[in-house]
Amino acid sequence: MAATQQEQEFGSDPTACRDTGHYKHEYNEGFVDKWDELIDWESRAKSEGDFFIDLLRERGAKKVLDVATGTGFHSVRLIEAGFEVVSCDGSPEMLAKAFENGRQRGHIVRTVQVDWRWLNRDVHGHYDAIICLGNSFTHLFSENDRRKALAEFYATLKHDGVLILDQRNYDAILDVGYSSKHTYYYCGDNISVYPEHVDDGLARFKYDFPDKSTYYLNMFPLRKDYVRRLLGEVGFQHIETYGDFQETYREAEPDFFVHVAEKSYREDLE
Ligand code: SAM
């Protein structure tokens with residue numbers, strides 16, 4: 001077993017590890033240090049363009065809560081675009097990296113370490129928008145945790161706030177098999193990302209880096225319509241789903257979906 005995998009503490013049967021809280025072991029210092037190599041900030045910024053900035057501006061958002069800050073890619077982009085941003089994550093290693101990435105670019109990233117399942121305990125006030133990006137929601141393994149996290153997001157939004165949450169196209173992975181254009185999210189060179197194991201309850205992805213280090217993430221394969229249904233059930237009134245940043249797409253084609261869930265009450269849905 002690779003040393004890095006041992007440090008991620010998956011135990012003797014890694015495919016049995018299906019636990020929401022385990023993300024803290026997975027994003028250990030070693031993997032966090034590698035994360036920016038994996039996503040390559042410059043290429044990622046180029047590939048997604050102003051998609052999120054435009055969505056937020058169109059809705060008049062000013063105060064944004066980044067609940068899955070990671071190493072700070074979106075927090076920093078939004079600060080630079082003039083938004084007021086608070087940056088949360090459950091992983092202290094990720095937040096330390098995000099703070100340092102911000103500092104190097106001349107920004108103070110306002111960080112709060114918090115788990116989504118009890119977000120309201122530590123994050124007070126209301127936001128125009130919440131972003132949960134980079135296929136992060138997939139770390140929740142039970143329906144109860146997913147509902148609780150979405151309810152916490154909903155409660156933290158203003159009455160007309162918006163949640164922007166993305167995910168891998170797991171429907172395609174489960175039904176057709178894995179293929180990735182590798183264009184939008186993981187833009188780093190010479191890094192291989194692929195699912196080593198997939199079943200209805202687990203997608204275990206392997207990340208091989210040029211220095212021969214290997215890391216894994218165990219994630220729950222969220223189906224697109226299931227996530228849309230949960231968003232509606234916690235109270236979001238209108239949910240638009242983009243495929244690789246486009247409004248129209250063939251179901252199996254996109255690598256990633258982006259859900260834009262609006263809280264404003266819609267009379268036409270009565
Ligand atoms: N948004 C960043 C990006 O796109 O590069 C990071 C994405 S990374 C795949 C997922 C992030 O979600 C990690 O930083 C992890 O610590 C965080 N995370 C996962 N489950 C969480 C939870 N229950 N509460 C808070 N943060 C969580």
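Rules used throughout
Residues numbered from 1 in each chain as written. Predicted model: local features only at pLDDT ≥ 70, side-chain atom pairs only at ≥ 80, totals over all residues. Heavy atoms only, no water. 1 Å grid on protein atoms, 1.4 Å probe; cavity = no way out; pocket = protein on both sides within 12 Å on 5 of 7 lines; lining within 4 Å. Points joined across faces, edges and corners; volume = space filled by probe spheres on them. Helix = DSSP H or I, 4+ residues; strand = E, 2+ residues; numbered from the N terminus. Nonpolar A, V, L, I, M, F, W, Y, C, P; charged D, E, K, R; others polar. Polar contact = N/O pair within 3.5 Å; in protein donor to acceptor, adjacent residues only side chain to side chain. Pairing = 2+ DSSP bridges. Axes fitted to C-alpha atoms, helices over the stretch in contact; angles between N-to-C directions. Contact = heavy atoms within 4.5 Å. Near = heavy atom within 4 Å. Areas by Shrake-Rupley, 256 points an atom, 1.4 Å probe, with all protein chains shown as cover. Sits in = over half its atoms within 2 Å of the grid points.

Over the atoms rolls a probe the size of a water molecule, and its path tells where empty space is left. This structure, assessed with the given rule, holds 3 cavities of 30 Å³ or more. Of the pockets and cavities examined, the largest cavity occupies roughly 420 Å³. For the largest cavity, the lining is made up of 32 residues, of which Ala68, Gly70, Asp89, Leu133 and Ser136 are closest to its centre. Among the secondary structure elements, those contributing two or more residues to the lining of the largest cavity are helix H3 (29–39), helix H6 (73–80) and strand E8 (214–219). Classifying every residue of the lining of the largest cavity gives 18 nonpolar, 10 polar and 4 charged.

A word on the side chain of aspartate 115. In this structure, aspartate 115 sits in the loop between strand E3 (111–113) and helix H8 (119–122). Of the polar contacts made by the side chain of aspartate 115, one reaches the side chain of arginine 117; its length is 2.9 Å.

Of note, lysine 212 is a non-glycine position whose phi angle comes to about 75°, a positive value. Although it is not a glycine, aspartate 244 adopts a positive phi angle of roughly 45°. Summarising the element assignment, aspartate 244 is placed in the loop between strand E9 (238–243) and strand E10 (256–262).

Taken in spatial order, the 3 strands make up an open sheet running E6-E7-E8, and their pairing is antiparallel. At either margin of the open sheet sits one strand with a lone partner, and together these are strand E6 (192–199) and E8. The average angle at which neighbouring strand axes cross in this sheet is 20°, direction not considered. Pairing of E6 with strand E7 (residues 202–208) involves 7 bridges; the strand directions are antiparallel. Bridged to tyrosine 194 within E7 is lysine 206. H3 contacts E6, E7 and E8 of the sheet and is inclined by roughly 90° relative to E8.

Residue placement: aspartate 122 occurs in helix H8. Linking aspartate 122 and valine 112, residues 10 residues apart in sequence, is a C-alpha distance of 7.8 Å. Among all residues touching aspartate 122, those that are not within four sequence positions of it are Val112 and Val114.

For the rest of this paragraph, the subject is the site of the ligand. Every one of the 21 residues lining the ligand counts as a neighbour, but Tyr27, Arg44, Ala68, Asp89 and Leu133 are closest to it. Considering the ligand on its own, with 600 Å² of exposed area, one finds that the protein chains cover 99% of that surface. Its atoms largely coinciding with the cavity grid, the ligand occupies the largest cavity.

Attention now moves to the sheet that holds E3. Across the sheet, which stays open at both edges, the 7 strands sit in the order E3-E2-E1-E4-E5-E10-E9 with mixed pairing between neighbours. With one partner strand each, in any of the chains shown, E3 and E9 form the two edges of the open sheet. The sheet shows a mean angle of 20° between the axes of neighbouring strands, taken without regard to direction. When E9 meets E10, the two strands line up antiparallel, connected through 6 bridges. Residue pairing in the sheet places isoleucine 239 in a bridge with alanine 261 of E10. Along the sheet face, helix H9 (residues 143–156) touches strand E1 (63–66), strand E4 (127–132) and strand E5 (157–168) and points at about 140° away from the line of E5.

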